[in-house]
Amino acid sequence: NSLFVFADNGVWQINGGSSLFTASNININKITNVGNIHRKGVVVAENQLFYLTDAGLFQVSLYENDPSLPATVTNLSQKTIHNLFD
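All values derive from a computational prediction rather than experimental measurement.

Basis of the calculations
Residues numbered from 1 in each chain as written. Predicted model: local features only at pLDDT ≥ 70, side-chain atom pairs only at ≥ 80, totals over all residues. Heavy atoms only, no water. Helix = DSSP H or I, 4+ residues; strand = E, 2+ residues; numbered from the N terminus. Contact = heavy atoms within 4.5 Å. Pairing = 2+ DSSP bridges. Core = buried A, V, L, I, M, F, W, Y, C linked by side-chain atoms within 4.5 Å. Buried < 20%, exposed > 50% of the residue type's maximum accessible area, 1.4 Å probe, protein only. Axes fitted to C-alpha atoms, helices over the stretch in contact; angles between N-to-C directions. Phe/Tyr/Trp six-rings, centres within 6.5 Å; stacked < 30°, edge-to-face > 60°.

Next up on the list: the environment of Phe 6. With respect to the secondary-structure elements, Phe 6 resides in strand β1 (residues 3-7). Once residues within four sequence positions are removed from consideration, Phe 6 is found in contact with Val 11, Asn 36, Val 42, Leu 49 and Tyr 51.

Pasting the structure below:
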């Protein structure tokens, strides 16, 4: 339902909102300011989207009940291995 654009300055989610995506019906949300570090640093596994940043491993999640809502981004390594580097 969504197209995700990964750049070094953030991640954007593009969709049609609560209806279909068309040229006249477009919804753009910048879901985070934390971008990926490499063009091959984005992985889809088990219907989840993961990407690698300078700050760690991040997960992008859609709301299952309403995929038109902006996705959430979670830093997976912040509570696990990130404290070892600090």
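A word on the pairing of strand β5 (residues 48-53). As paired elements, strand β4 (residues 42-45) and β5 share four bridges and run antiparallel to each other. Looking at the pairing, Val 43 lines up with Phe 50 of β5. What sits between β4 and β5 in their antiparallel hairpin is a turn of two residues, with Glu 46 showing a positive phi close to 55°. Between β5 and strand β6 (residues 56-61), which follow one another and run antiparallel, lie two residues.

The next thing to look at is the nonpolar core. Phe 4, Val 11, Ile 31, Leu 49, Tyr 51, Phe 58, Val 60 and Ala 71 form the largest nonpolar core, which has eight residues in total. Of all the elements in the fold, those that place two or more residues in this core are β5 and β6. For Phe 58, the contacting residues outside a window of four places in its chain are Val 34, Leu 49, Phe 50, Tyr 51, Thr 53, Val 73, Thr 74, Asn 75 and Leu 76.

With that settled, consider the sheet that holds β6. The four strands are arranged β4-β5-β6-β7 in an open sheet whose pairing can be described as antiparallel. Either end of the sheet is taken by a strand with one partner, and the two such strands are β4 and β7 (72-75). Averaged over neighbouring strand pairs, the angle between their axes works out to 25° when direction is ignored. Pairing between β6 and β7: four bridges, direction antiparallel. Counted as the bridge partner of Ser 61 is Thr 72 from β7.

Okay, the packing of aromatic side chains next. Considering all chains together, one arrives at two aromatic pairs under this definition. By the ring-pair criterion, three or more aromatic residues cluster together here, those being Phe 6, Tyr 51 and Phe 58.

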